[in-house]
Amino acid sequence: MLQIQRANQFEISPNKELILFNLQKIKLEEGSAMNYEYDNQLWMADVQQNYALRQLTYSKEKTSQATFSPDGKSILFVRPSNGKPQLFLMQLSGGEPLQLTDFKYGVNNPKWSPDGKKIIFSSTIKIEEMAQDSTLGLLKGLPEWSSEKPGFTDNSYLNAPLGKADPNGNLTEIRAYLNQNEKEHKAKVINKLQFQGEASASGELRFNHLFIIDIAKAKPRAITSGFNSYVDPYFTNNNEIVVSAKFDDKIFPDRLLETGIFKINLDSKQVTLLYGTKGKAFEIASVSPSGKYLIYAESEIATPNIPKLKVIDLPTSKEIYTINLDRNTDHFKWTDKEDFVYFTIQS
């Protein structure tokens, strides 16, 4: 059983000559005789050389989310550094990987712009961190909805100074002490509906925001802001993306099931709703490499149903085709001419 190896996260180079993948193995933990851990390293297969294999990374840290640059000359991947996942860039011509980011909140789901000059990524940030870290530029005021934190009648506590922590002090000092316990995970304060995780409970309220870096500067710049979570970004051109997000950021996130699809201009940061309405959830399934076609899933909320898939011509917003199936779909892949799209379905 310990000899089992699993290959996943396959990526094909733009010229179709190389296959990039992550190889997961089980190995002994360092300094232990009985405890095991997963080891994840990047490998590459050369199609022109009878699929000859070459290991690309050898680090102790696990690598993931690798992808070729648009010109096929380098590989972008995510690897922990100082306890947080960061972006690394490796040239196929040789040399050690270059760390692109040192972002205090970590990096996830990176994607290249079509011209290969920018990278967009996401980061999940607690609401308290958003309020207290002015360098992020994520907040414009406080939420219009109440976070319902025990002992508070409004959200002003989010950006109020905590003061000295003292369990025997005045109310402000006691609150600072309790807040410190919460930060150090000595206690959990749960005042939200969706608190149950896979293996534990959490009362933290987090938002997923998007950041972009210029390869030449590698300094992250926030693209989204406010009390919404933006996921699944796709470039439609070098200066515009489409994303999925909650339909209305004026309602407490746990109480809102509706989602919409939005367009964001990377220069002005203007957010425009493309698809969304009360009682429905809209989620991006795929965007063609040229940015011309969008496939999205539309479903009714609060009722069991299979989402309808619709293919849209993005520049004209014209509906081209509706895919009606009796099961869920995933893993969309476009042909070079974008005249066909392949996907998987549950059997």
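Description of the structure in this document. As a convention, each chain's residues are numbered from 1 in the sequence order in which they are written. Confidence filtering applies because this is a predicted model: local features only for residues at pLDDT of at least 70, side-chain atom pairs given and counted only at 80 or more, and all residues used for totals across whole chains, interfaces and linings. Side-chain measures were taken over the full set of non-hydrogen atoms in the model, leaving aside hydrogen atoms and water.

Let's talk about the overall build of the protein
Helix and strand labels come from DSSP, where a helix needs a run of H or I of at least four residues and a strand needs a run of E of at least two; each type is numbered from the N terminus. Assigned secondary structure in the protein consists of two helices and 22 strands. Exposure categories follow from relative accessible area, calculated using a 1.4 Å probe and restricted to protein chains: below 20% of the type maximum is buried, above 50% is exposed, and the middle band is partly exposed. Per-residue burial over the protein gives 39% buried out of 347 residues. Throughout, a contact is declared for two residues whenever any of their heavy atoms are within 4.5 Å. Partitioning the contacts of the protein with sequence separation of at least 6, the portion at a separation of at least 24 is 36%. In the form shown here, the protein has an accessible surface area of approximately 20100 Å², with 50% of it arising from carbon and sulfur atoms. When charges are counted, Lys and Arg contribute as positive and Asp and Glu as negative, whereas His and the chain ends are disregarded. Note on charges: their place is set at NZ of Lys, CZ of Arg, CG of Asp or CD of Glu. If the 41 positive side-chain charges of the protein are averaged to one point and the 42 negative ones to another, these points end up 2 Å apart. Areas reported as accessible are Shrake-Rupley estimates using a 1.4 Å probe. Residue values count occlusion only from the protein chains shown.

A short note on the sheet that holds strand E3 (residues 36-46)
Pairing is antiparallel across the open sheet formed by four strands, whose spatial order is E1-E2-E3-E4. Each edge of the sheet is formed by a strand with only one pairing partner; in this case those strands are strand E1 (6-12) and strand E4 (52-55). Each strand axis lies, on average, 30° off the axis of its neighbour in the sheet, ignoring direction. Across five bridges, E1 lies against strand E2 (residues 18-28) in antiparallel orientation. Looking at E2, one finds that Glu-11 is bridged to Leu-20. By definition, two strands form a pair when at least two bridges between them are found by DSSP. In this analysis an axis means a line fitted to C-alpha atoms, helices contributing only their contacting stretch, and an angle means the value between N-to-C directions, from 0 to 180 degrees.

Topic: the sheet that holds strand E8 (residues 98-99)
Strand order in the open sheet formed by four strands is E5-E6-E7-E8, and the pairing between neighbours is antiparallel. The open sheet terminates on both sides in strands that have one partner only, identified here as strand E5 (64-68) and E8.

Re the pairing of E4
The pairing of E3 with E4 spans four bridges and is antiparallel. By the bridge assignment, Met-44 is partnered in E4 with Arg-54. Hairpin connection, E3 to E4: the antiparallel pair is bridged by five residues, and Asn-50 has positive phi, about 55°.

So, a nonpolar patch on the surface
What makes a patch is a set of residues exposed beyond 30% relative accessible area and free of salt bridges, joined within 9 Å when like-charged and within 5 Å when nonpolar (Val, Leu, Ile, Met, Phe, Trp, Tyr). In what follows, salt bridge is the name for a side-chain nitrogen of Lys or Arg lying within 4 Å of a carboxyl oxygen of Asp or Glu. A contiguous nonpolar surface patch, about 250 Å² in accessible area, is contributed by Leu-2, Leu-28 and Tyr-36. By the element assignment, Tyr-36 lies in strand E3.

What to know about the side chain of Asn-22
Along the chain, the position of Asn-22 falls in strand E2. Residue Asn-22 is classed as buried on the basis of its relative accessible area of 2%. Between N or O atoms, a polar contact is any pair within 3.5 Å; within protein, one atom must be a potential hydrogen donor and the other a potential acceptor, and residues adjacent in sequence are included only when both atoms are from side chains. A polar atom in the side chain of Asn-22 sits 2.6 Å from the backbone oxygen of Thr-63. The residues contacting Asn-22, other than those within four sequence positions of it, are Arg-6, Ala-7, Asn-8, Gln-9, Asn-40, Gln-41, Leu-42, Thr-63 and Ser-64.

Structural notes on the environment of Glu-283
Inspection of the secondary structure puts Glu-283 in strand E17 (residues 280-287). Separated by 23 residues in sequence, Glu-283 and Gly-260 have C-alpha atoms that sit 6.6 Å apart. Other than its neighbours up to four places away in sequence, Glu-283 contacts Ser-244, Thr-259, Ile-261, Tyr-296 and Ala-297.

Some points on helix H2 (residues 171-183)
Here H2 spans 18 Å end to end across 13 residues, near enough to the 18 Å set by a 1.5 Å rise per residue. Regarding H2, the residues found buried are Glu-173, Ala-176, Asn-179 and Asn-181. The residue sitting at the N-terminus of H2 and contributing the capping side-chain oxygen is Asn-170; that oxygen lies 3.1 Å from the backbone nitrogen of Thr-172. For a helix, the expected span equals 1.5 Å multiplied by the residue count minus one.

Examining the packing of aromatic side chains
The criterion for an aromatic pair is that two Phe, Tyr or Trp rings (for Trp, the six-membered ring) have centres within 6.5 Å, with stacked assigned to planes under 30 degrees apart, edge-to-face to planes over 60 apart and tilted to the rest. Under the counting rule described, the total for this entry stands at 14 aromatic pairs. A ring pair is formed by Trp-145 and Phe-227, whose centres lie 5.9 Å apart and whose planes are at 80°; its orientation type is edge-to-face. Remark: Phe-227 occurs in the loop between strand E12 (221-222) and strand E13 (230-237) and Trp-145 occurs in the loop between helix H1 (127-132) and H2; sequence separation between them is 82 residues. Taking the relative accessible area as the measure of exposure, Trp-145 reaches 5% and is therefore buried. Here Phe-227 falls in the buried class, since its relative accessible area comes to 9%. A connected cluster of aromatic rings, assembled from ring pairs, spans Phe-103, Tyr-105, Phe-121 and Phe-211. Remark: a charge is flagged as sitting over a ring if the NZ atom of Lys or the CZ atom of Arg is within 6 Å of the ring centre and within 35 degrees of the ring normal. Over the ring of Tyr-234 we find Lys-111, and its NZ or CZ is 3.6 Å from the ring centre. The side chain of Arg-255 reaches across the aromatic face of Phe-252, ending 5.7 Å from its centre.

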